[in-house]
Amino acid sequence: MTTPSANPATKSAAKAGSGPDMSRPILELDHIHKRFTRSLDMAEKVANLFGAGLQDQVVRAVDDVSLTVARGEVVGLVGESGCGKSTLGRVIAGILEASEGTVKYHGKEVSKMTGAERRATDLTIQMIFQDPMASLNPRMRVVDIIGEAPVVHGIIRRSEIDGYVSEVMRKVGLDPTTRMRYPHQFSGGQRARIGIARALAVNPKILVCDESTAALDVSIQAQVLNLFMDLRRELDLTYVFVSHDLGVVEHISDRVAVMYLGRIVELAKTEAIFEGPNHPYTRALLDEVPRLDATKKQFTALKGEIPSPLAPPPGCHFHPRCPFAFDRCRQERPALKEVGQGRLSACHLNDTAEGNPLMKANAPSVTS
Amino acid sequence: MSKAVLDVKDLSVSFRTREGLVTAVNSISFSVGAGEVLGLVGESGSGKSVTGLAVLGLIDPPGEIDPRSSIKINERELIGLPEEKLRRVRGKDVAMIFQDPMTTLNPVLRIDTQMIEAIRAHEKISEKAARERARQALEKVGIPSADERLKAYPGQFSGGMRQRVAIATALLNRPTVLVADEPTTALDVTIQAQILSEVQQLCSETGTALVWITHDLSVVAGLADRVAVMYAGRIVEEGPVSAVLEAPIHPYAAGLIGSVPSRNKRGVPLAQIRGMTPSLTNLPPGCPFAPRCDYATDICRSTMPEPTPYEGGRAARCHHPLSAPTPAAA
C-alpha cells in the first residue's frame, strides 16, 4: 500500500504561508443548542394524574455553543465522553437538526436554504465516522460504496463509476484493483481509507471527523493522520476534528475547542492551549494525558466524574470538581469571553482581582 | 530486579484454523519481579492478549499452548497442571483485568454476591468476613460509600466505576501476579488517570507483579518499569522503559515510538511505518518485520534474528540494531 507522501515544497509553503483567513469564515455556528427529550411514558402520565408532578427529562447535549471556522482551518473538538462533542459534530454535518441557533455556510443560513442549494450545501459538509465497519454496508462492493453518492447526485454518470472510483481510491492510497471487493476483505486501516474515500467522492469542502482514528493502531493512525493533512493541502479542505485523544488533536489542529457538559469552556490556538491552558478543566485534561517523555511518573487524578447531563450542576458545570471554585462559580454561568489574544475562556477566575492562578508562573496543580 | 515471581520461558501458543496452523505467540520469554510493572506493547494481532490469557491458562481449543513452554509463578510450573488445580491458581495466585469490565462481572448478580464468591472460592472464611474484605477492596479502589455500592448491580455503575469494581475483584485474594489487558483503553483520560494512579499505588503496596498489556506506549511510559515490544508473535525488544523509549534498538520499536503524535512536530507529517502488519498465516521467512523495515538486508529476509542481550538489562531480536548499545558479555 502506498501513501501519498508529503511533498517537501508544499510542506514549507504551508508553514510559511499565513494562517487560515479568519475574515471569511466558511462555517459559523451561532448559539447552537441541541436538546434530547424523553417524554413521559404511560405509567408516568397516570402518576401525574394523581399529582406526581413528573416532567419530561431533557438532556442539553449542546448548550449554547458558538464557533466560527475559517476556510482551510482544522478545528479540534475535545472533551470526555458525554461532553457533546459528537453531537455538535453531527449538527455541523447536518445529520442532526439544532434545537435552537443557526449554522451558516459561507454566511448563508443552512436551514433556510431549499432545493438544489440545500442539497449542494449538504454535500459539501461530509462526515467520517469512528468505526468504518459500522458505517460501511458489508453487502456492498467498495466501488458501489464510494460511487453510489456521486451517481445519485449527478456528479458522474453511472458508466463513469469505475474510472471515478479508481481515481478517488488512488487519492486516499488504496489500490484501485481492489474496488470489486467487500469491506470485510480489507484491514482496519484500509477500511478507514474507504470511509474517507466515500466522503471525498462528493467533493466536500468541510470534513467532520468523529474519532476517525480512535480504533486504529498507532502506526496505522499515523498513516491516516498524514493522509488527512495531505488531502487538506491538495483539496483545500476544512476540518472539524472531534476526538478525545489530545495528542492527535494537538498534532493536527490549528485551534482547539475544549467542551465540558455541552459547553465550550476554552477555545484558543493549539499552541496557546497546550502551553498554558486558562480553564482549570483544560489544565486537568492536559495534566492527565500520558506522555512518552514522562517515564515512571506518579499519576494524579482529578476528583470525581463528569456529572449526569440530566441534572448538570448550576453555575459553572465544572465547579464540583474544580479546586479553585468560589461562590460565584456555583451560581452564575461563566460566559465564554476573550481573555487574551485570540483566546476565549469561560471561567470566573479571570474576573477576580488576583487574576487566574493558572495564567501565572508556577501555576498550581488542579489534580490531587 | 527482585526475584522473579512470574517466569515465562519459550511460551508458544498456536491456533488450528482452516488456513493452517497460526502461531499467535512464538517462543517468548520474560519475567516479572514482585512489585514490578512490565508493559507488554504491540499492535493488534501481535499476540499480546494471547500471552496474557496463556499466563492464566485460559487458552481454549482450537488454541493450544506448546507443551514445551514454561510458565512459573513463584517457581511453580503451571503448564501441564490439570484444570482442577489451575482453577485454584486462577483468581488466587494470578488474576486478570480485561478491557471490558463486563467480561469479569455478571450483569444479573449483585456486586457483593460476585465478590464474596470470589473470596470464598479460595478461602474458608465466613460470609461476614468476606463481605468486610469486599467492602475494603472497594474502598481501596476509590469507590465512595462502599457499603451501599456492594448491593448494586454492575449496570448501576458508570464505565470507570465498573472497571474499578473489576480491579477490586481481581485484587481480592492478593494475587502474586496481575495481568491487565488494556483496562483503560475504553475510558476517558481523566478516569484513566484515576485508575492508573490507583493501580500504581496498589501494586507498590501489595507487591503484586503487574503485566500491563496495551497498545498505548504513553501509558506504559508513565506506568511500567520495563517494557516488552511484541511484533507478529515475538518479543522484538525488551528493556527498562526509559532506555527503550529514548534509544530503541529494534527498528519496529523505533517506528512505533516515532509514530506517536506527541513525539512529532505540529503540522509536520507524522513518522510512519510503511505497509501493515503481516498475516500470521503467511509470515515471511526470516525477520517478520523485514518487508516494512528500512534497514533490511538479505540476511533479514532469510534468517530469523536470535534474541541478543545488551547492556543495561536490554535485549532485542535484530540483525541491524539501531543506536547499537554494547552487547552484554556472554
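None of the values given here were measured: they were computed from a predicted structure.

Some points on the overall build of chain A
Right, so step 1: Each helix and strand counted, chain A has 13 helices and twelve strands in total.
Right, so step 2: Since a compact globule built from 368 residues should have a radius of gyration of about 21 Å, the 22 Å found for chain A is in line with a globular shape.
Right, so step 3: With the principal axes as the frame, chain A shows a C-alpha extent of 65 × 60 × 40 Å.
Right, so step 4: A total of 368 residues make up chain A; the buried ones form 49% of that total.
Right, so step 5: Taking as baseline every contact in chain A between residues at least 6 positions apart, the subset at least 24 positions apart corresponds to 67%.

Quick notes on the confidence of the model for chain B
Right, so step 1: Mean pLDDT over chain B works out to 88, with 97% of the residues at or above the 70 mark.
Right, so step 2: Scored by ipTM, the complex comes to 0.77, with pTM at 0.82.

Observations regarding the environment of S126 of chain B
All names here are of chain B.
Right, so step 1: Inspection of the secondary structure puts S126 in the loop between α3 (111-120) and α4 (127-140).
Right, so step 2: Given a relative accessible area of 43%, S126 falls into the partly exposed group.
Right, so step 3: C-alpha separation for the pair S126 and I116, spaced ten residues apart in sequence, amounts to 9.6 Å.
Right, so step 4: Among the polar contacts made by the side chain of S126, one reaches the main-chain amide nitrogen of A129 at a distance of 3.1 Å.

Thoughts on the packing of aromatic side chains
Right, so step 1: In this structure the tally under the stated criterion is eight aromatic pairs over all chains.
Right, so step 2: When the centroid spacing of 4.5 Å and the interplanar angle of 55° are considered together, the rings of Y260 of chain A and Y281 of chain A count as tilted. With Y260 of chain A in strand β9 (residues 255-260) and Y281 of chain A in helix α12 (residues 280-288), the pair connects residues that are 21 residues apart, well separated along the chain. Here Y260 of chain A and Y281 of chain A have matching classes, each one buried.
Right, so step 3: For the pair Y252 of chain B and F289 of chain B, a centre-to-centre distance of 5.3 Å together with 65° between the ring planes defines the contact as edge-to-face. Taken together, the positions of Y252 of chain B in helix α10 (residues 251-258) and F289 of chain B in the loop between α10 and α11 (298-302) put the pair 37 residues apart, joining distant regions of the chain.

Considerations on the sheet that holds strand β10 (residues 226-231) of chain B
All names here are of chain B.
Right, so step 1: The eight strands are arranged β7-β8-β9-β3-β10-β11-β13-β12 in an open sheet whose pairing can be described as mixed. Where the open sheet ends on each side, the last strands, each with one partner, are β7 (94-97) and β12 (308-310). Here the strands of the sheet are splayed against their neighbours by 20° on average, with no regard to which way each runs.
Right, so step 2: Sitting on the sheet, helix α1 (residues 48-55) touches β3 (37-41), β7, β8 (177-181), β9 (209-214) and β10, and the angle it makes with β9 is about 150°.
Right, so step 3: Across the face of the sheet, helix α6 (residues 159-171) comes into contact with β7 and β8 while running at roughly 175° to β7.

Quick notes on the domain arrangement of chain A
All names here are of chain A.
Right, so step 1: Along its sequence, chain A is carved into domain 1 (8-14 + 37-253) and domain 2 (266-359).
Right, so step 2: With centres defined by C-alpha atoms, the gap from domain 1 to domain 2 works out at 28 Å.
Right, so step 3: In this complex, domain 1 contributes 14 residues to the contact, which on the side of domain 2 involves 14 residues.
Right, so step 4: Between domain 1 and domain 2, a total of about 1300 Å² is buried, with carbon and sulfur atoms accounting for 60% of that surface.
Right, so step 5: The largest per-residue losses of area from domain 1 upon contact with domain 2 belong to E80, L246 and E250, which jointly make up 43% of the total buried on that side.

Points about the interface of chain A and chain B
Right, so step 1: Taken residue by residue, the interface counts 44 residues in chain A and 48 residues in chain B.
Right, so step 2: The contact between chain A and chain B buries some 4000 Å² in all, and 55% of this surface belongs to carbon and sulfur atoms.
Right, so step 3: Our count for the chain A to chain B interface comes out at eight residue pairs in polar contact (both at pLDDT 80 or more).
Right, so step 4: Listing elements by their share of the side of chain A that touches chain B, those giving two or more residues are α9 (218-235), α10 (246-252), α11 (270-275) and α12 of chain A.
Right, so step 5: Looking at the side of chain A that touches chain B, the element that brings in the most residues is α9 of chain A, giving eight residues.
Right, so step 6: Of the residues assigned to the side of chain A that touches chain B, the class counts are 14 nonpolar, 16 polar and 14 charged.

Thoughts on the packing of helix α6 (residues 142-152) of chain A against helix α8 (residues 188-200) of chain A
Residues and elements named next belong to chain A.
Right, so step 1: Interhelical geometry of α6 versus α8 gives an angle of 25° and a closest axis separation of 7 Å. One finds that α6 runs roughly parallel with respect to α8. Contact with α6, carried on its side by V142, I145 and I146, involves I194, A197 and R198 of α8 and no other residues of that element.
Right, so step 2: Among the residues making up the contact of α6 with α8, the classes are represented as five nonpolar, no polar and one charged.

Scoring rules and cut-offs
- Residues numbered from 1 in each chain as written.
- Chains lettered and ligands numbered in written order.
- Predicted model: local features only at pLDDT ≥ 70, side-chain atom pairs only at ≥ 80, totals over all residues.
- Heavy atoms only, no water.
- Helix = DSSP H or I, 4+ residues; strand = E, 2+ residues; numbered from the N terminus.
- Rg over C-alpha atoms; globule rule 2.2 N^0.38 Å.
- Buried < 20%, exposed > 50% of the residue type's maximum accessible area, 1.4 Å probe, protein only.
- Contact = heavy atoms within 4.5 Å.
- pLDDT = per-residue confidence, 0-100.
- Polar contact = N/O pair within 3.5 Å; in protein donor to acceptor, adjacent residues only side chain to side chain.
- Phe/Tyr/Trp six-rings, centres within 6.5 Å; stacked < 30°, edge-to-face > 60°.
- Pairing = 2+ DSSP bridges.
- Axes fitted to C-alpha atoms, helices over the stretch in contact; angles between N-to-C directions.
- Domains from an automatic or database assignment.
- Buried area = accessible area lost by both parts, 1.4 Å probe.
- Nonpolar A, V, L, I, M, F, W, Y, C, P; charged D, E, K, R; others polar.
- Parallel < 35°, antiparallel > 145°, perpendicular 65-115°, else oblique.

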